[in-house]
Amino acid sequence: QVQVVESGGGSVEDGGSLSLSCVASGYSVTNCEYEIVWYRQAPGKERLFVSRIRLDDSTTYTDAVKGRFTISQDGSKKTVHLQMNSLKPEDTAVYFCALHLRRAVRGPCPGNAWGQGTQVTVSS
């Protein structure tokens, strides 16, 4: 089964830094070509896109975090990190990691898989 686990959340002061990790498992990157995506959801708000990385190492960021957050992956392309610098109170949210299938070379490949979320709190 495809699984996604996030870690690294915590509490930090305005201007501080945190690094989140996302570990995906249960599939082969040669068979199932997923992009790995970070989302966040603040209390009472909808879940919003933060950043994503693809197998070719291309990256995308939402404007709200561009220049402050950096997404990267290791050689397995199944472990992703989100380095968050210059954190602001408005970054406070539960951060989720998700897999979205771009190509099924040799299935089975679930279309999507989500982690449980990790809390990030930035105090002013």
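Residues numbered from 1 in each chain as written. Predicted model: local features only at pLDDT ≥ 70, side-chain atom pairs only at ≥ 80, totals over all residues. Heavy atoms only, no water.

### A look at the side chain of Arg-52
What counts here: The numbering of helices and of strands both runs from the N terminus, where a helix is a DSSP run of H or I of at least 4 residues and a strand a run of E of at least 2. Throughout this description, buried means an accessible area under 20% of the type-specific maximum (1.4 Å probe, protein chains only), exposed means over 50%, and partly exposed covers the range between. For this count, His and the chain ends are skipped, Lys and Arg are scored as positive, and Asp and Glu as negative. Each salt bridge in this description consists of a side-chain nitrogen of Lys or Arg and a carboxyl oxygen of Asp or Glu lying within 4 Å of one another. Counting of polar contacts relies on pairs of N or O atoms within 3.5 Å, with two restrictions inside protein: one atom must be capable of donating a hydrogen and the other of accepting it, and residues adjacent in sequence are counted only when both atoms are side-chain atoms. Whether two residues touch is decided by their heavy atoms; if any such pair falls within 4.5 Å, the residues are in contact.
Relative to the elements of secondary structure, Arg-52 occurs in strand 5 (residues 48-53). It turns out Arg-52 is buried and unbridged, and the closest side chain with the opposite charge, Glu-35, is 4.1 Å from it. A distance of 3.1 Å separates a polar atom in the side chain of Arg-52 from a polar atom in the side chain of Ser-58. Each residue touching Arg-52, except ones within four places of it in the same chain, is listed here: Glu-35, Ile-36, Val-37, Ser-58, Thr-59, Thr-60 and Ile-71.

### Some thoughts on unusual backbone geometry
The amide bond that connects Gly-107 to the next residue, Pro-108, takes the cis arrangement and shows omega of 5 degrees. Relative to the elements of secondary structure, Pro-108 occurs in the loop between strand 9 (93-104) and strand 10 (112-114). The phi dihedral of Asp-57 falls on the positive side, at around 75 degrees, and the residue is not glycine. Here Asp-57 shows up in the loop between strand 5 and strand 6 (59-61). Accessibility expressed as a relative area gives 43% for Asp-57, which makes it partly exposed. The backbone phi angle of Lys-77 is positive, close to 60 degrees, even though this residue is not glycine.

### Details of the nonpolar core
Test applied: By nonpolar core is meant a set of buried Ala, Val, Leu, Ile, Met, Phe, Trp, Tyr and Cys residues that side-chain atoms within 4.5 Å join together.
Core analysis: the largest hydrophobic core is formed by 30 residues, its most contacted members being Trp-38, Leu-82, Met-84, Tyr-95 and Leu-99. At the level of secondary structure, the elements contributing two or more residues to this core comprise strand 3 (18-25), strand 4 (32-41), strand 5, strand 7 (69-73), strand 8 (79-84), strand 9 and strand 11 (118-123). Contacts of Met-84, omitting those with residues within four sequence positions, involve Gly-16, Ser-17, Leu-18, Leu-20, Arg-68, Phe-69, Tyr-95 and Val-120.

### Examining the state of the cysteines
Using the following cut-off: Two cysteine sulfur atoms form a disulfide, by the criterion used here, when they sit within 2.5 Å.
Evaluation of the coordinates by the stated rule reveals 2 disulfides. In this model Cys-22 forms its disulfide with Cys-97; the gap between the sulfur atoms is 1.9 Å. An S-S torsion of about -75 degrees defines the bridge between Cys-22 and Cys-97 as left-handed. Taken together, the residues span a long stretch of sequence, with Cys-22 in strand 3 and Cys-97 in strand 9 at a distance of 75 residues. The class of Cys-22 is buried, set by a relative accessible area of 0%. Disulfide pairing places Cys-32 opposite Cys-109 at an S-S distance of 2.0 Å. Between Cys-32 and Cys-109, the disulfide has an S-S torsion of -80 degrees and is therefore left-handed.

These results come straight from atomic positions and should not be treated as a statement about function.
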